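# Chain and residue survey
So the chains spell out like this:
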Amino acid sequence: MIVCVPDVLTAQELVAIRAELQSAPYVDGSATAGWSARTVKKNQQIDTGSANYARIADIVRAAFQRNALLQAALLPAANTQPLFNRYTGGMEYGAHVDAPVMGSLGNAIRTDIAITVFLSDPRSYDGGELVTHANGGMEYAFKLDAGAAIAYPANTLHHVNPVTRGVRDAAIIWVQSMVRDAARRELLWDLESAKRDIFGREGKSQTFDAVSRSHANLLRMWAEVTG
Ligand SMILES: O=C(O)CCC(=O)C(=O)O
Ligand SMILES: [Fe+2]
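It should be emphasised that the depicted structure is a prediction, and the values quoted were computed from it without experimental measurement.

### Points about the environment of A54
Note on placement: A54 falls in helix α2 (residues 51-66). Residue A54 is classed as partly exposed on the basis of its relative accessible area of 39%. Distance in space between the C-alpha atoms of A54 and A11 is 20 Å, their sequence separation being 43 residues.

Structure (structure tokens):
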């Protein structure tokens, strides 16, 4: 299941982030890739030890956590700190799968879902589409407005096309879901969407209550929660 959400970041937040990106120290992105992804990862990343990083990571994390649509669709149990990628002058990220587990021992999360939050105006750069690969060789390309996010299963191959003009900045977050299985998450999201639909049309009707009960009880059956 792929979910695209507009306006995850406000216009003011984008302005604040772009100002920090101007002066932030960048390092070679291959430093945070596993040994095989390193061969295809050709981008730059903000140094996570910098003060710029701490400020914009807070903004992006808060925006993710307050977004009701992302929370309802992904059912997060935990998320990583954001990484900030920059691609310019032909940089790209070739086909790869993300590391299945990220973080250090005692602080690790399973990466069920990857999120790219687009930070650059799509008209300001050429290329830079995020492309997800489906079974059977189909590829889907996404180039969203600044401030919009795409969430996609982290277990699929994906790549970022070369950026042949301008600069593409993006924030990346990985999420461990309370519901590990992508098919179950999709089913719950379908029911959640149906619930909202029915509520919009007829309020808290008997049908709404029946669908709500199914949704809630499936989530109760499948949710892995700790603490
Ligand atoms: O820049 C992007 O949109 C995706 C980057 C990516 O796939 C990764 O960092 O693993
Ligand atoms: Fe990736």
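### Comments concerning the nonpolar core
Membership of the largest hydrophobic core comes to 31 residues, with the highest contact counts inside it found for L74, F84, I115 and L119. Residue assignment for this core shows that the elements contributing at least two residues are β1 (3-5), α1 (11-23), α2, α3 (68-74), β10 (113-118), β14 (149-153) and β17 (167-177). Per-element accounting of this core gives the leading share, 6 residues, to α2. Setting aside residues no more than four positions away along its own chain, I115 makes contact with F64, L74, A149, I150, A151, A171, I172, I173 and V175. Ranked by size, the runner-up nonpolar core spans 22 residues in total, among them Y87, M102, L130 and A154.

### Quick look at the site of ligand 1
Ligand 1 sits among 13 residues. The nearest are Y87, H96, D98, T116 and R168. The side chain of D98 places a nitrogen or oxygen atom 3.0 Å from an oxygen atom of ligand 1. T116 is positioned such that a nitrogen or oxygen atom in its side chain is 2.9 Å from an oxygen atom of ligand 1. For ligand 1, whose accessible area on its own is 300 Å², the fraction buried by protein is 98%. Mapped onto the shell around ligand 1, the elements with two or more residues apiece are β6 (83-88), β7 (92-96), β15 (158-160) and β17. Among the elements that line the shell around ligand 1, the one with the most residues is β17, at 3 residues. Class assignment of the residues belonging to the shell around ligand 1 gives a composition of 7 nonpolar, 4 polar and 2 charged.

### Focus: unusual backbone geometry
A positive phi is found at D7, a non-glycine position, where the angle reads about 55 degrees. Mapped onto the elements, D7 comes out in the loop between β1 and α1. Exposure remark for D7: the relative accessible area of 61% places this residue in the exposed category.

### Brief notes about the domain arrangement of the protein
Here the domain parsing of the protein yields domain 1 (3-177) and domain 2 (182-222). Taken over C-alpha atoms, the centre of domain 1 sits 30 Å from the centre of domain 2. Counting from both sides, the interface comprises 9 residues of domain 1 and, opposite them, 6 residues of domain 2. Buried surface at the junction of domain 1 and domain 2, both sides included, amounts to about 620 Å², of which 72% is carbon and sulfur. Summed over the three residues of domain 1 that lose the most area to domain 2, namely A72, A73 and L75, the buried surface amounts to 53% of that side. Viewed at the interface, domain 2 and domain 1 are joined by 0 salt bridges. At the junction of domain 1 and domain 2, the tally comes to 0 residue pairs in polar contact (both at pLDDT 80 or more). Broken down by element, the residue count for the side of domain 1 that touches domain 2 peaks at 4 residues, all from α3.

Scoring rules and cut-offs
- Within each chain, residue numbers correspond to sequence positions counted from 1 in written order.
- Written order determines the labels here, with chains lettered from A and ligands numbered from 1.
- The predicted origin of the model limits local features to residues at a pLDDT of at least 70 and limits the giving and counting of side-chain atom pairs to 80 or more, whereas totals for whole chains, interfaces and linings rest on all residues.
- The side-chain numbers reported here are obtained from all heavy atoms of the structure, hydrogens and water having been left aside.
- The way it works is that DSSP assigns letters per residue, a run of H or I at least four long becomes a helix, a run of E at least two long becomes a strand, and they are numbered from the N terminus.
- Only protein chains enter the calculation, and the probe is 1.4 Å; a residue is then buried if its accessible area is under 20% of its type maximum, exposed if over 50%, and partly exposed in between.
- The nonpolar core is taken to be a set of buried Ala, Val, Leu, Ile, Met, Phe, Trp, Tyr and Cys residues, with the residues joined through side-chain atoms within 4.5 Å.
- The contact criterion used is simple: two residues touch if any of their non-hydrogen atoms lie within 4.5 Å.
- For each residue, the test is whether any non-hydrogen atom lies within 4 Å of the molecule or strand; if one does, the residue is near.
- We define a polar contact as two N or O atoms separated by no more than 3.5 Å, with the added condition that, inside protein, one atom must be a possible hydrogen donor and the other a possible acceptor, whereas residues neighbouring each other in sequence contribute only through side-chain atom pairs.
- Accessible areas in this description were obtained via Shrake-Rupley with a 1.4 Å probe; residue shielding takes into account the shown protein chains only.
- The classification used treats Ala, Val, Leu, Ile, Met, Phe, Trp, Tyr, Cys and Pro as nonpolar, Asp, Glu, Lys and Arg as charged, and all other residues, Gly among them, as polar.
- Residue ranges assigned to each domain were obtained from an automatic or database domain assignment.
- Summed over both partners, the accessible surface that disappears when two parts come together, traced with a 1.4 Å probe, is what is meant by buried area.
- Put simply, a salt bridge is a Lys or Arg side-chain nitrogen that is within 4 Å of an Asp or Glu carboxyl oxygen.

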